[in-house]
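Fold and geometry: a report
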Amino acid sequence: PWQGGPKVWHSTVYALVKRGNAHNWQTVQSLGRPLGYGASAVWRNRVICVGGNDADYRYGDVFTLTWDGAAGRLRTDSLPALPIAVANGAATVAGDTLYVFGGESDRGTERSLYARSLL
């Protein structure tokens, strides 16, 4: 886009796989749609993905990605969505609680803090 071309979002998920002494990036799955600018946090060997946007919409979806190295596959599980769709937010986990901070919604810049137990 910096040279006048269209901005592009991707849906491909990669895993860094170790074989012997080498590590290689491997394409493992595709998300349901191209997505960027979401927040993420790690909890119990899962990556929690929160919100994000594409060329047309912001999303409030929350889901986890879990890599099963022995089976060589990625598992995706849904969590309850945020009350509003946000992109460019921040997320962290403390104990077993997911916290999602700020971001941008259709209303503008958010000053919200959302907390959700992961148990």
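First, a word on scope: everything that follows refers to the structure included in this document. (Residues numbered from 1 in each chain as written. Predicted model: local features only at pLDDT ≥ 70, side-chain atom pairs only at ≥ 80, totals over all residues. Heavy atoms only, no water.)

**Section: the overall build of the protein**
Applied cut-off: Under the DSSP-based scheme used, a helix requires at least four consecutive residues in state H or I and a strand at least two consecutive residues in state E, with every element numbered from the N terminus. Buried, partly exposed and exposed residues are distinguished by accessible area as a fraction of the type maximum, computed with a 1.4 Å probe on protein chains only: under 20%, between the cut-offs, and over 50%, respectively.
The number of helices and strands found in the protein is zero helices and 11 strands. Along the protein, from the amino end to the carboxyl end, the secondary structure elements read β-β-β-β-β-β-β-β-β-β-β. In terms of overall dimensions, the protein has a C-alpha envelope of 50 × 45 × 20 Å along the principal axes. For the protein, with 119 residues in total, the buried portion stands at 30%.

**Looking at the sheet that holds strand β8 (residues 97-101)**
The criterion, for reference: Strand pairing is assigned whenever DSSP detects at least two bridges linking the two strands. Only the stretch in contact is used when fitting a helix axis, every axis being a line fitted to C-alpha atoms; angles between N-to-C directions are given from 0 to 180 degrees.
Judged by pairing direction, the sheet is antiparallel, and its three strands sit side by side in the order β7-β8-β11 without closing on themselves. Unpaired on one side and paired on the other, β7 (90-94) and β11 (113-117) mark the two borders of the sheet. Adjacent strand axes in the sheet meet at a mean angle of 20° when their direction is disregarded. The sheet contact formed by β8 and β11 spans five bridges and is antiparallel. Residue pairing in the sheet places Thr-97 in a bridge with Ser-117 of β11.

**Description of the nonpolar core**
Cut-off, in case you're wondering: Residues grouped as a nonpolar core are buried Ala, Val, Leu, Ile, Met, Phe, Trp, Tyr and Cys residues, joined through side-chain atoms within 4.5 Å. Throughout, a residue-residue contact means that at least one pair of heavy atoms, one from each residue, lies within 4.5 Å.
Ile-48, Val-50, Val-62, Leu-82, Ala-91, Leu-98 and Val-100 are the most contacted members of the largest nonpolar core, which totals 13 residues. For this core, the elements supplying multiple residues, two or more each, are β3 (39-43), β4 (46-53) and β8. Among the elements that take part in this core, β3 stands out by supplying three residues, more than any other. Dropping the residues within four chain positions of it, Val-100 is found in contact with Val-50, Leu-82, Ala-90, Ala-91, Ser-112, Leu-113 and Tyr-114. Formed by eight residues, the second largest nonpolar core is a distinct cluster that contains Val-13, Ala-15, Val-17 and Leu-65.

**Structural notes on the packing of aromatic side chains**
Using the following cut-off: For Phe, Tyr and Trp, rings pair up if their centres lie within 6.5 Å, where Trp contributes its six-membered ring, and each pair is then called stacked (planes under 30 degrees apart), edge-to-face (over 60) or tilted (otherwise). For a lysine, the NZ atom is tested; for an arginine, the CZ atom; a charge sits over a ring if that atom is within 6 Å of the ring centre and within 35 degrees of the ring normal.
Counting across every chain of the model gives one aromatic pair. Ring geometry for Tyr-57 against Tyr-59: centres 6.5 Å apart, planes inclined by 65°, an arrangement best described as edge-to-face. One cation-aromatic arrangement involves Arg-33 over Tyr-59; the distance from NZ or CZ to the ring centre is 3.7 Å.

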